[in-house]
Every structure is written in structure tokens, then in C-alpha cells.
Amino acid sequence: MSLRLLLKLAVVPCVISGACLFAEDDAVRRPSIGLRFQYTQTRPFETFSTQASTTKPIADYNYSATSSSRGLELTPNLEYRLTSKLTLGLEFQFRHAQYRQLTEIRSGKKDPTLANDDRKVSTITETTKASYWEVPLLAHYYGITRSGPGAKVYLTGGVALRRVANIRTGTEYSNADGTTDYNEIPASPDRTNQLGLVAGIGYRIIDDFHIKWTPEVRITHWQGTTFQGPAFRSAANQLSVGLGVAF
């Protein structure tokens, strides 16, 4: 599915809904804008250690990786009230993602009479950074009960569209003979566009100034991977907690 088609799927329902909303009674149907402070607890990449070997040439490989990102994000959002309980929301998110993979290569046969491996080691260190542009399109159902605390609880669900951009990679080589090398050839993503399914739960508080505060927990399940290698792959599930404010 192309990015243009995905964006149409996200934007067209909002445009249609917006036209209908402004045509209806403003007391029931009205738009609101806001911001969300969101902290993503899940790292953008799952990392682990693994080993491999080859016979031609004879070599052993040890792979390990780490991952990091900026956890706290500030995202603008637009919400349309369809009914007194149901709204449709569109958010615009930007995230930084990074992984670093270290490859250790030992060439030749290991001497079985030695307790330690005396083969010289060559290393390859790849560091890749990328920008994630994410657009969640979500429906919110407010008031799971008629009264009491449950009247302020809401459920949310929908889809998220992700675009991977601005890929920067630095690869360092340290060879067993003491020579070094370096290049900045960008890593190739498995998917530039990615679709996610979103589900969450939140609590809406309206203060005396009619400002809506919405603490929320949500999880996004991404289809496929953005990047993957011997010791890493992009996380399939993304857990986030946030606090929204809308006017």
C-alpha cells in the first residue's frame, strides 16, 4: 500500500467528518484542538546477542546490539465530536529511533588445546538513526457507565500510519591487522511505510475553564519491521502513557 493511499485513508474521513460537524448543531458536534505529552516506555528496537559461524571462510561471529530513543514527546492533535459519547481524533507525532550493532569476527580455526580463544578480532560497529513520523487516527468512546467514576473513563482504538525518514548510518571497521575504515552508507529499511493497530484506555477530566485533561495508556501493534539485523529488530509492540490537554 503506497504512502499516498495511506494518507488518503487517514485524512479523507476527517475532512468528511469535519464538514458534517460544522453543519450540525455546535452544542452537540464541535471540533477541538490540543496537545499531548506522551512518554513511550518501549524502546524502538528489540535487541539481543547471537552467534554464527561459517566454513568458507572459516570464521565465528558474535553479534550484540543496543537501542535508544527520546522517550517524552509533545504531539498536536485534532478531535471532532460526532456524538455526545463518540469522537474522532487525528494526531501528529515525531520520534527519534536509534540502534547500534557490534559484530566481532574471529577468523580461522580455534586451537582446541587452549582455554582461551587467541584468534585476533575484527569488529564492525554500525550506528543507525532514523526519524519516525506517525499519524494515529483514533476513535474515542467516552463514558463506559452512565454515572460514577466510569462515566469519565473512555476507550480508544484505531490505526496509526508510520513513515521512516532521514536515515543516517555510520559504520566503523577495526580490522585484526590494525587497519581501520569508516563509511556513512545509510541502512536500507525493510519497510518505509508501516501500519499499526492502536488500543487504549483513558480518563477525561473537565476543569472549571472547560479545559479537558486526559491521562491515557495505549498500545500500538506494528505490522512488519522497519529495520532488522542479526542482533536487533524493530519492536512490534509500543506501549505509551500520556497526558492530553484540549480546548
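Preceding this paragraph is the structure being described.
None of the values given here were measured: they were computed from a predicted structure.

## Description of the overall build of the chain
Then comes step 1: In terms of helices and strands, the chain carries 1 helix and 16 strands.
Then comes step 2: Relative to its 247 residues, the chain shows a buried fraction of 38%.
Then comes step 3: The long-range share in the chain, meaning contacts at least 24 apart out of those at least 6 apart in sequence, stands at 71%.
Then comes step 4: Surface exposure of the chain reaches about 14,000 Å², of which carbon and sulfur atoms provide 58%.

## Quick notes on the pattern of salt bridges
Then comes step 1: Applying the stated criterion to the full structure yields 12 salt bridges.
Then comes step 2: A salt bridge links Glu216 to Arg36; its shortest N-O distance comes to 3.7 Å. A residue pair is termed long-range when its members are at least 10 positions apart, and Glu216 in strand β13 (residues 212-222) and Arg36 in strand β1 (residues 31-40) qualify at 180 residues. Comparing Glu216 with Arg36 shows no difference in burial state: the two are buried.
Then comes step 3: A salt bridge links Arg218 to Glu216, with the shortest nitrogen-to-oxygen separation between them at 2.6 Å. Each member of the pair Arg218 and Glu216 is classed as buried.
Then comes step 4: Three or more residues are tied together by salt bridges with common partners; here these are Asp60, Glu104, Arg106, Asp117 and Arg119.

## With respect to the pairing of strand β8 (residues 121-142)
Then comes step 1: Bridge analysis of strand β6 (residues 86-91) against β8 gives 5 bridges, and the strand direction is antiparallel. Bridging across to β8, Thr87 finds its partner in His140.
Then comes step 2: The pairing of strand β7 (residues 93-107) with β8 spans 14 bridges and is classified as antiparallel. Following the sheet pairing, Phe94 is matched in β8 by Trp133.
Then comes step 3: Relative to strand β9 (residues 153-174), β8 runs antiparallel, the two sharing 19 bridges. Among the inter-strand pairings, Tyr141 is bridged to a residue of β9, identified as Leu155.

## A closer look at the side chain of Arg95
Then comes step 1: Turning to its location among the elements, Arg95 is positioned in strand β7.
Then comes step 2: Since its relative accessible area comes to 2%, Arg95 is described here as buried.
Then comes step 3: At 3.2 Å, the side chain of Arg95 and the side chain of Glu73 are in polar contact.
Then comes step 4: Ignoring anything within four residues of it in the chain, the contact list for Arg95 reads Thr40, Thr42, Pro44, Ser69, Glu73, Ala130, Ser131, Tyr132, Glu134, Arg162 and Gln238.

## Considering the packing of aromatic side chains
Then comes step 1: In the structure shown here, the tally under the stated rule is 8 aromatic pairs.
Then comes step 2: A centroid spacing of 4.6 Å and a plane angle of 55 degrees characterise the contact between Phe94 and Trp133, whose relative ring orientation is tilted. Separated by 39 residues along the polypeptide, Phe94 in strand β7 and Trp133 in strand β8 bring together distant segments of the chain.
Then comes step 3: Among the residues examined, Phe94 registers a relative accessible area of 32% and is labelled partly exposed.
Then comes step 4: The class for Trp133 is partly exposed, based on a relative accessible area of 46%.
Then comes step 5: Aromatic ring contacts, followed pair by pair, group Phe45, Tyr99, Phe227 and Phe232 into a single cluster.
Then comes step 6: When the ring centre of Trp222 is taken as reference, the NZ or CZ atom of Arg162 above it lies at 3.9 Å.

## Some thoughts on the environment of Arg233
Then comes step 1: Here Arg233 lies in strand β15 (residues 232-234).
Then comes step 2: Under the relative-accessibility criterion, Arg233 is labelled partly exposed at 37%.
Then comes step 3: Through-space distance from the C-alpha of Arg233 to that of Tyr99 is 9.1 Å; in sequence the pair is 134 residues apart.
Then comes step 4: If we skip the residues at most four places from it in the chain, Arg233 touches Phe45, Glu46, Phe48, Phe227 and Gln228.

About the cut-offs
Residues numbered from 1 in each chain as written. Predicted model: local features only at pLDDT ≥ 70, side-chain atom pairs only at ≥ 80, totals over all residues. Heavy atoms only, no water. Helix = DSSP H or I, 4+ residues; strand = E, 2+ residues; numbered from the N terminus. Buried < 20%, exposed > 50% of the residue type's maximum accessible area, 1.4 Å probe, protein only. Contact = heavy atoms within 4.5 Å. Areas by Shrake-Rupley, 256 points an atom, 1.4 Å probe, with all protein chains shown as cover. Salt bridge = Lys/Arg side-chain N within 4 Å of Asp/Glu carboxyl O. Pairing = 2+ DSSP bridges. Polar contact = N/O pair within 3.5 Å; in protein donor to acceptor, adjacent residues only side chain to side chain. Phe/Tyr/Trp six-rings, centres within 6.5 Å; stacked < 30°, edge-to-face > 60°. Lys NZ or Arg CZ within 6 Å of the ring centre and 35° of its normal.

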